[in-house]
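# Close look at the chain arrangement
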Amino acid sequence: MSNENMAELLFPDVTQLPADIYSLYPPRNLSSSALVTRFAPSPTGSLNIGGLYATLISERLAHQSNGVFFLRIEDTDKKREIEGSIENIISSLLYFGIHFDEGPLLSGDDKGAYGPYKQSSRIQIYKVFIKHLVRNGLAYPCFCDTDDLQKIRISQQNLKVTTGYYGRWAKHRDISFQQAKEEISNGKPFVIRLKSPGSSDRRITYHDLVKGPIELPENDQDIVIMKTDGLPTYHFAHAIDDYLMGTTHVIRGDEWLSSVPIHIQLFETLGFRIPEYGHIAPIMKQVGNSKRKFSKRKDLDGTAEYYKEQGYPGMAISEYFMNLINSDFEEWRMTNPDKSFREFIIHTHKMNASGALLDMNKLHDISKDVISRLTGNQVFDHLYTWSKEFDSELYTLIDRNKEYTLNIRKPEL
Ligand code: GLU
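In this report, we go over the structure that sits alongside the text. None of the values given here were measured: they were computed from a predicted structure.

Within the chain one finds 16 helices and 14 strands. Taken along its principal axes, the extent of the C-alpha atoms in the chain is 90 × 45 × 45 Å. Residues classed as buried in the chain amount to 50% of the 413 residues present. Put simply, 74% of the contacts in the chain that link residues at least 6 apart link residues at least 24 apart. Carbon and sulfur atoms form 51% of the exposed surface of the chain, whose accessible area is close to 21200 Å². Here the chain contributes 49 positive and 54 negative side-chain charges, whose respective centroids are spaced 3 Å apart.

What follows is the structure, given as structure tokens:
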């Protein structure tokens, strides 16, 4: 009863139950071998090539299995949002020929029956599940401010124990209804934390699609699932959305690998089927004799936009990425020079578990090949659209001499 009262105290306006939400997201009508994948960027800048690479993998896995690939914008961190990012992401995907079946469109509308596809439009859905967890004693409000958290950390450091909000250190784990009511009437902001059933002495094991068997300590931290502004954290929204949207395979950067114990715990606590995970290493840049990660701030050639500006056809980048995804693509291409790269079947277990190197010479060779296979009209269309945006002098010239440009031939030697 007290959990029920607590849930009502915290979320008086939330009247729906999880069952009401489930009825809006029926299982997808797909064959059992079809994969549902997604690209879930945060709108915090332009699309980088690592994101593009991961997206091509997700898109291929879905479409080669007659499944669904969708785009979801993870915009719950309003402070980090950069204006224009969503448009940049959508138009980059279009340019690179990565077709999404569902997701937000440039018009501002959504396409697909499993939306909304922007997390900021899904706040009420998250609240239904958070209230449900509170009602079942699986989550609780925490009124600690930064000072309180700092005090806990200092005591833990003095005792040389793991820092964080867990176990006996989780001050508000057993907060009473009365106490919460008082804090709220005093206007004290609160977050909602998951009451972690985990212990750092135990380990979880799972099979990563790219990295193979993985073993990690269980999560024992009472992680925040709803922030003081009422928005969910990334971890929580990921579990809710990927479950409701029917995602079967999550392909993402390996910076998320250490979050898997949190994610598995969330899926289990919510009673959701856990998706398969594949974590890919970042694409590396060759600098002199060494390799390093692309830097967001320093490397212009780390953005997808750069390759568009430089005039690489989107298809050439995708074709090049296929070589990085599975090394036997090259051999396949030699025996199938005229087929679309989309006819090659990719396998996650054949992917390179450590960072693939972006080899510019190879990219140039492949781009030349791709361009040489285009018809005169296709080359013209590409040049026309590209110059319109990036080279006005060339654009004016070919616009005035369309026929002439179309008929330019390589001189016979
Ligand atoms: N929004 C997360 C990001 O920006 C998505 C991670 C995931 O794919 O689960 O990387």
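After presenting the structure, the write-up continues.
What follows is about the packing of helix α8 (residues 234-244) against helix α9 (residues 260-270). Running from amino to carboxyl end, α8 crosses α9 at an angle of 55°, the nearest separation of the two axes being 10 Å. Between α8 and α9, the angle falls in the class oblique. The chirality of how α8 crosses α9 is right-handed. Judged by residue contacts, Tyr234, His235, Phe236, His238, Ala239, Ile240, Asp242 and Tyr243 of α8 engage Ile262, His263, Leu266, Phe267 and Leu270 from α9. Grouping the constituent residues of the contact of α8 with α9 by class yields 9 nonpolar, 3 polar and 1 charged.

Right, let's get into the pairing of strand β13 (residues 290-293). Here strand β12 (residues 284-287) runs beside β13; their pairing, made up of 4 bridges, is antiparallel. Paired with Lys285 across the two strands is Arg292, which belongs to β13. Connecting β12 to the next strand, β13, in antiparallel fashion are 2 residues, including Gly288 with a positive phi near 60°.

Another aspect to go through is helix α14 (residues 376-390). Here α14 spans 21 Å end to end across 15 residues, near enough to the 21 Å set by a 1.5 Å rise per residue. On its buried face, α14 sits against α10 (304-309), α15 (392-400) and α16 (402-407).

Across all of its chains, the model carries 25 salt bridges by this definition. A salt bridge links Glu8 to Lys131, with the nearest nitrogen and oxygen atoms 3.0 Å apart. Taken as a pair, Glu8 in helix α1 (residues 2-10) and Lys131 in helix α5 (residues 123-135) lie far apart in primary sequence, 123 residues in all. According to the relative accessible area criterion, Glu8 is partly exposed, its value standing at 34%.

Alternating positions in strand β5 (residues 139-142) separate into two faces, Ala139 and Pro141 on one and Tyr140 and Cys142 on the other, with burial throughout. In terms of strand pairing, β5 meets strand β6 (residues 191-194) through 4 bridges, oriented antiparallel. Bridging from a neighbouring strand, Pro141 pairs with Ile192 of β6.

Let's shift gears to the side chain of His238. Along the chain, His238 falls in helix α8. Of note is the side chain of His238, whose polar atom sits 2.8 Å from the side chain of Tyr277. In contact with His238, other than residues within four places in its own chain, are Arg38, Arg72, Gln119, Tyr243, Val250, Arg252, His263, Phe267 and Tyr277.

Around the ligand sit Arg38, Ala40, Ser42, Glu74, Tyr234, Arg252 and Trp256, and those are all the residues in its vicinity. Taking Ala40, its main chain carries an N or O atom lying 2.9 Å from a nitrogen atom of the ligand. Here an oxygen atom of the ligand sits 3.3 Å away from a polar atom, N or O, in the side chain of Trp256. Coverage of the ligand by the protein amounts to 82% of the 300 Å² it exposes when considered alone. Counted by class, the shell around the ligand contains 3 nonpolar, 1 polar and 3 charged residues.

Parameters and conventions
Residues numbered from 1 in each chain as written. Predicted model: local features only at pLDDT ≥ 70, side-chain atom pairs only at ≥ 80, totals over all residues. Heavy atoms only, no water. Helix = DSSP H or I, 4+ residues; strand = E, 2+ residues; numbered from the N terminus. Buried < 20%, exposed > 50% of the residue type's maximum accessible area, 1.4 Å probe, protein only. Contact = heavy atoms within 4.5 Å. Areas by Shrake-Rupley, 256 points an atom, 1.4 Å probe, with all protein chains shown as cover. Lys, Arg positive; Asp, Glu negative; His and termini not counted. Charge placed at Lys NZ, Arg CZ, Asp CG, Glu CD. Axes fitted to C-alpha atoms, helices over the stretch in contact; angles between N-to-C directions. Parallel < 35°, antiparallel > 145°, perpendicular 65-115°, else oblique. Left-handed = near helix turned anticlockwise from the far one by under 90°. Nonpolar A, V, L, I, M, F, W, Y, C, P; charged D, E, K, R; others polar. Pairing = 2+ DSSP bridges. Expected span 1.5 Å × (residues − 1). Salt bridge = Lys/Arg side-chain N within 4 Å of Asp/Glu carboxyl O. Polar contact = N/O pair within 3.5 Å; in protein donor to acceptor, adjacent residues only side chain to side chain. Near = heavy atom within 4 Å.

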